[in-house]
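# Residue-level structural notes
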Amino acid sequence: MGEANSQPLADTVFVVKRGDEKITSFTTEHDGSFRVSLLPGHYTISKKEPAGKLGHYGPFEIEVVTGQMTKVQWTCDTGMR
């Protein structure tokens with residue numbers, strides 16, 4: 001029971017905030033990838049629509065540094081077993 005299974009989180013909207021200020025949002029591609037341009041700083045990214053009682057989809061913290069591309073890979077857990 002409960003064998004591990006994973007797949008990309010496709011077509012999902014996430015919101016990017018700096019503190020309490022919404023900076024932007026983005027939608028993941030069919031393969032779960034995304035690209036968003038941000039100024040240097042610390043950001044919190046979370047799923048736009050609440051997951052409900054099940055699931056964990058952030059918030060995820062990132063630090064964007066001048067002159068560097070920040071690559072991230074998050075694991076989201078639906079809570080289903």
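Just so you know, the residues in each chain are numbered from 1, in the order the chain's sequence is written. Local features are withheld for residues below a pLDDT of 70 in this predicted model, meaning they are given only at 70 or higher, and side-chain atom pairs are given and counted only at 80 or more; totals for whole chains, interfaces and linings count all residues. Side-chain measures were taken over the full set of non-hydrogen atoms in the model, leaving aside hydrogen atoms and water.

At least two DSSP bridges between two strands are needed for those strands to be called paired. Counting from the N terminus, the helices are the DSSP runs of H or I reaching at least four residues and the strands are the DSSP runs of E reaching at least two. Relative to strand β2 (residues 21-27), strand β1 (residues 13-18) is paired through 6 bridges, and the arrangement is antiparallel. When the bridges of β2 are listed, Lys 17 appears paired with Lys 22. If you look at the hairpin formed by β1 and β2, you'll find 2 residues sitting between the two strands, and Gly 19 has a positive phi there, around 70°. Where β1 meets strand β3 (residues 41-47), 4 bridges bridge the pair, whose relative direction is antiparallel. When the bridges of β3 are listed, Phe 14 appears paired with Lys 47.

Below, the discussion takes up the side chain of Thr 12. Inspection of the secondary structure puts Thr 12 in the segment before β1. For the purposes of these results, a polar contact is taken to be a pair of N or O atoms within 3.5 Å, where, inside protein, one atom must be able to donate a hydrogen and its partner to accept one; residues adjacent in sequence count only when each atom of the pair is a side-chain atom. Reaching out from Thr 12, the side chain makes a polar contact with the backbone oxygen of Ala 10 at a distance of 3.0 Å. For Thr 12, the contacting residues outside a window of four places in its chain are Phe 26, Thr 27, Thr 28 and Lys 47. Contacts were defined at the residue level, with two residues in contact if any of their heavy atoms lie within 4.5 Å.

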